[in-house]
Amino acid sequence: MLNHRSKLFRAFILALLMPLMSVAYGQEAETWRLNLKDADIRAFVTQVADITGYSFVVDPRVKGKVTVLSSAPMNKDEIYDLFLAVLQVHGFTAIPGEEVIKVVQQVDAKQSAESLERFTEVPSEQLITRVIQIDNANALELVPILRPLVAKYGHLAGVAAANALIVSDHSSNIQRIEQIVRELDSPSKYEVEVIQLEEAWVGDMVELLQELAPAELGQGGGDNAARKYSVTADERSNRLILRGDETFRDKMRELIRKLDQPSATGGTTKVIRLSHADAENLTEILKGVMGEVVKESSGGSGGAGGSAGSGRNTNFSVFADEGLNALVVRGEPSMMQEAEMIVKALDVRRAQVMIEAAIVEISDELGQDLGVQLALGDESGESTPVAGTNFNNVGRSLGDVLGAILSDSVIAPATGGITIGAGQRNENGVSWGVLLQALSTSAAANLLSTPSIITLDNQESEIIVGQNVPFRTGQSTVTGDGTTNPFTTIERRDIGLTLKVTPTISADGLVRLVVEQTTENIGDSVESASDIITNKREIKTTVLADDGETIVLGGLTTDDLQVNKSKVPLLGDIPVLGRLFSSESERRVKRNLLVFLRPTIMLGKADAIAATDEKFQSLWEINLGVRKKLGLPDPERPPTKDSLFRPQSD
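Residues numbered from 1 in each chain as written. Predicted model: local features only at pLDDT ≥ 70, side-chain atom pairs only at ≥ 80, totals over all residues. Heavy atoms only, no water.

With respect to a nonpolar patch on the surface
So, point 1. Taken together, the side chains of Leu370, Ile418, Ile420 and Leu436 present a nonpolar region at the surface, about 320 Å² in accessible area.
So, point 2. One can find Leu436 in strand E20 (residues 430-449).
So, point 3. Of the residues examined, Leu436 reaches a relative accessible area of 36% and is grouped as partly exposed. (Patch = residues over 30% accessible without salt bridge, like charges linked within 9 Å, V, L, I, M, F, W, Y side chains within 5 Å. Areas by Shrake-Rupley, 256 points an atom, 1.4 Å probe, with all protein chains shown as cover. Salt bridge = Lys/Arg side-chain N within 4 Å of Asp/Glu carboxyl O. Helix = DSSP H or I, 4+ residues; strand = E, 2+ residues; numbered from the N terminus. Buried < 20%, exposed > 50% of the residue type's maximum accessible area, 1.4 Å probe, protein only.)

A look at the sheet that holds strand E12 (residues 230-234)
So, point 1. What the three strands build is an open sheet, ordered E11-E13-E12; its pairing is antiparallel. Strands with a single pairing partner mark the edges of an open sheet, and in this sheet they are strand E11 (191-196) and E12. In this sheet, neighbouring strand axes are inclined to one another by 20 degrees on average, regardless of whether the strands run parallel or antiparallel.
So, point 2. Where E12 and strand E13 (residues 239-244) come together, five bridges link them in antiparallel fashion. From the neighbouring strand, Val231 faces E13, where its bridge partner is Leu242.
So, point 3. Of the strands in this sheet, E11, E12 and E13 touch helix H8 (residues 246-259), which is tilted by about 155 degrees from E13. (Pairing = 2+ DSSP bridges. Axes fitted to C-alpha atoms, helices over the stretch in contact; angles between N-to-C directions. Contact = heavy atoms within 4.5 Å.)

As for the pattern of salt bridges
So, point 1. Inspection of the entire model under this criterion finds 11 salt bridges.
So, point 2. The salt bridge involving Asp250 is made with Arg253; its shortest N-O contact spans 2.7 Å. You can see Asp250 and its partner Arg253 sitting in helix H8, three residues apart, about one turn around the helix.
So, point 3. The class for Asp250 is partly exposed, based on a relative accessible area of 35%.

A few points about the nonpolar core
So, point 1. The biggest cluster of nonpolar side chains holds 43 residues, and the ones touching the most others in it are Phe44, Phe56, Tyr80, Phe83, Ile134 and Leu165.
So, point 2. Excluding residues that lie within four positions of it along the chain, Phe83 makes contacts with Phe44, Val45, Val48, Phe56, Ala94 and Val103.
So, point 3. By size, the runner-up hydrophobic cluster in this structure holds 22 residues, among which are Ala351, Val353, Val501 and Leu513. (Core = buried A, V, L, I, M, F, W, Y, C linked by side-chain atoms within 4.5 Å.)

Description of the sheet that holds strand E9 (residues 155-159)
So, point 1. Within the open sheet, the three strands sit side by side as E8-E10-E9. Their pairing is antiparallel. A single partner strand is all that each edge strand has here, and the edge strands are strand E8 (127-133) and E9. The average undirected angle you get between the axes of adjacent strands in this sheet is 15 degrees.
So, point 2. In the packing of helix H4 (residues 139-146) onto the sheet, the strands contacted are E9 and strand E10 (164-170), and the crossing angle to E9 comes to about 160 degrees.

So, unusual backbone geometry
Among all residues except glycine, the phi angle is most often negative; among peptide bonds, the trans geometry is most common.
So, point 1. The backbone of Asn325 shows a phi angle near 50 degrees, a positive value even though the residue is not glycine.
So, point 2. Within the element layout of this structure, Asn325 appears in the loop between strand E15 (316-321) and strand E16 (326-331).
So, point 3. A relative accessible area of 21% places Asn325 in the partly exposed class.
So, point 4. The phi dihedral of Asn458 is positive, around 65 degrees, even though this residue is not glycine.
So, point 5. Within the element layout of this structure, Asn458 appears in the loop between strand E21 (452-456) and strand E22 (461-478).

Some remarks on H4
So, point 1. Among the residues making up H4, those that are buried are Ala139, Leu142, Val143 and Leu146. Down the axis of H4, the sector holding all buried residues measures 120 degrees, keeping them to one side.
So, point 2. Structurally, H4 contributes buried residues whose contacts are with E9, E10 and helix H5 (171-184).
So, point 3. Measuring from the side-chain oxygen of the N-cap residue of H4 to the backbone nitrogen of Leu140 gives 3.1 Å; that N-cap residue is Asn138. (Arc of directions from axis to C-beta. Polar contact = N/O pair within 3.5 Å; in protein donor to acceptor, adjacent residues only side chain to side chain.)

Points about the packing of helix H6 (residues 202-212) against H8
So, point 1. Where H6 contacts H8, the two axes come as close as 11 Å, and the packing angle between them is 125 degrees. Classed by the angle they form, the pair H6 and H8 counts as oblique. Between H6 and H8 lies a crossing whose hand is right-handed. For the pair formed by H6 and H8, the contact residues are Met205, Leu208, Leu209 and Leu212 on the first element and Met252, Leu255, Ile256 and Leu259 on the second.
So, point 2. Across the contact of H6 with H8, the residue classes break down as eight nonpolar, no polar and no charged. (Parallel < 35°, antiparallel > 145°, perpendicular 65-115°, else oblique. Left-handed = near helix turned anticlockwise from the far one by under 90°. Nonpolar A, V, L, I, M, F, W, Y, C, P; charged D, E, K, R; others polar.)

As for the confidence of the model for the protein chain
So, point 1. Across the protein chain, pLDDT averages 75, with 74% of residues at or above 70.
So, point 2. Of the regions scoring below 50 in pLDDT, residues 14-28 engages in 13 contacts with residues more than four places distant in sequence or in other chains.
So, point 3. For the stretch residues 220-226, pLDDT sits under 50, and the model shows 10 contacts to residues farther than four places along the chain or on other chains. (pLDDT = per-residue confidence, 0-100.)

Some points on the environment of Ala422
So, point 1. Tracing the backbone shows Ala422 in strand E19 (residues 417-425).
So, point 2. Taking the C-alpha atoms as reference points, Ala422 and Val434, separated by 12 residues in sequence, lie 5.2 Å from one another.

Details of the pairing of strand E6 (residues 92-96)
So, point 1. For E6, a buried count of five out of five residues is recorded, marking the element as mostly surrounded by other parts of the structure.
So, point 2. Side chains Phe92, Ala94 and Pro96 of E6 all project onto a buried face; the interleaved residues Thr93 and Ile95 project onto the opposite face, where all are buried too.
So, point 3. Pairing of E6 with strand E7 (residues 101-105) involves five bridges; the strand directions are antiparallel. Among the inter-strand pairings, Thr93 is bridged to a residue of E7, identified as Val104.
So, point 4. Hairpin connection, E6 to E7: the antiparallel pair is bridged by four residues.

Quick notes on a negative patch on the surface
So, point 1. A contiguous patch of negative charge on the surface is contributed by Asp278, Glu280, Glu284, Asp321 and Glu322.
So, point 2. Within the secondary structure, Asp321 is located in strand E15.
So, point 3. The partly exposed category is assigned to Asp321, whose relative accessible area is 31%. (Lys, Arg positive; Asp, Glu negative; His and termini not counted. Charge placed at Lys NZ, Arg CZ, Asp CG, Glu CD.)

Brief notes about H8
So, point 1. Taking 1.5 Å of rise per residue, the 14 residues of H8 would be expected to cover 20 Å, and the 20 Å separating its terminal C-alpha atoms lies within 8% of that figure.
So, point 2. Within H8, burial applies to Phe248, Arg249, Met252 and Ile256. Taken down its axis, H8 places every buried residue within 90 degrees of arc, on the same side. Facing away from the buried side of H8 by over 90 degrees, the exposed positions are Glu246, Thr247, Arg257 and Lys258.
So, point 3. Looking at the packing, one finds that the buried side of H8 touches E11, H6, E12 and E13. (Expected span 1.5 Å × (residues − 1).)

Some remarks on the packing of aromatic side chains
The description of an aromatic ring pair uses the distance of the two centres, along with the angle that the planes make with each other.
So, point 1. Under the defined criterion, the tally for this structure stands at four aromatic pairs.
So, point 2. For the ring pair Phe44 and Phe83, a centre distance of 5.5 Å and an interplane angle of 45 degrees mean the geometry is tilted. Taken together, the residues span a long stretch of sequence, with Phe44 in helix H2 (residues 41-52) and Phe83 in helix H3 (residues 76-89) at a distance of 39 residues. Residue Phe44 shares its accessibility class with Phe83, and that shared class is buried.
So, point 3. Centroid distance Phe56 to Phe83: 5.3 Å. Interplanar angle 65 degrees. Geometry classified as edge-to-face. With a gap of 27 residues between them, Phe56 in strand E4 (residues 56-58) and Phe83 in helix H3 connect regions that are remote in the sequence. An identical accessibility class is assigned to Phe56 and Phe83; each is buried.
So, point 4. What links up through ring pairs into an aromatic cluster is the set Phe44, Tyr54, Phe56, Tyr80 and Phe83. (Phe/Tyr/Trp six-rings, centres within 6.5 Å; stacked < 30°, edge-to-face > 60°.)

Here it is, written out as structure tokens:
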């Protein structure tokens, strides 16, 4: 029933409007003429809906009378554009959606999203929202310029981060605003100019210019001033780089000309306290480097602490205060600035390297001796003829045997085996003796030394563990005139383990090691030698190792076999019986020596503390083991590292 009444009402309205509207049909496209006078706006919306085929939703607040006069025929798109113009005149607008078009008040339009997909070409009176990107100008500066051009019910805002404008207005008006923006957003005629300073230092000059021209250089003019104008210091060549228009550059050039004057004092003095570097070493570096700078600036003359030509004072001097570990630097500002940059780059905390070495030596020595000594003597005659065998490579010699016979004493057996002897002295003075000796020796040793040392990067370090042994260098018992004045001169030398290392850390964490490792001990004495004999093993090398990597520096493996055989000619060659006339000694010595090294880089305090804790824990475990062997109870609590420096009581 309600639907039927709506149709009747619609037919009635059309009947009233029909006399005022004439419809013309073209041969190619359908056109309309609209002529309305004081027609209800809702009826006008209904008529446009019939012509365009669009569905409309009308806000209840949309009310009023409209008058439309059209003399020329219009197509469907032109009718809709006319419809938007009529709505705009009466304070309304149409917001297209995906399904329907909403007719609302203009003040509410900017809060609704539009969908323009239904139009092949956006109507000129359609209310839309656009983002306009600004390339050269400042978007925030354009907002007050363009705001009067935007309708009261429209919207205009600038986005500083994106340097863009957001505009909500009719399509035709937005096109006009875009045209204005394109004309205003043209690249500024800014140029870059480089000015060489002769006397002043660029760092100080920039600060002065910022104080004298705060509006242009951003100290009081906002971000835009900093964007348009700039003064940059080129410290390497003591030049100023100006960026701006001609007026700005003329102003800056005049200020720079007045400020670039010689210093009244001829230089400044500054004390630089060092945190890590050595003042004396750094002084030598600065004298060498800054001397070259002075030479370059003077065309090859002058030096550190001297002056150069061209009418410009280039004096530079530096002194080291070793007590405070500080530098006293004097010179002109440009050279002072360069000196401070060098000091800052060199005065850094140096990395440390903990170097752990393991020297392993395993030796095995075997010896076998077998010999027979025979002696026969006759004391009845005027002389004492003697016959016998004398082999000095095994046990007791013939002299020992004869001495025991003549003294009628017991010969002492040789050490390290068995000795069997027999002899007789008869009434006729004929004496004889036989001595059988069989010796066997065995010795094994396993020496493990693990020295460790911490040193700075690129700093030589040395550790010595051993004895200070005296060596005789001279002796005299009688002077030239025959008087007795004995004296002996000696020289003491360290004998033991010596490790000397110089580490260098590369940028990629590789450690270069210059190593000198020496192992020296006192050897067995030799009868022909009149002084101490030492055995020495030494390695000098340069190696590369990664952080925490264990590498072998070198090794020495020896296998020494010595066979010493003595015999009586002919008699010693008799099978079996010949053993009574021979002596044989055999020595076999095997020795294996290896040296291992492991560097650990310690870049900061935490690495040093961790290494100290690890070594202290090892010391504590050794202490517990010793107390356990001695039967002492364990401490109630483990000590800390600080307790090593306090006296301990039992």
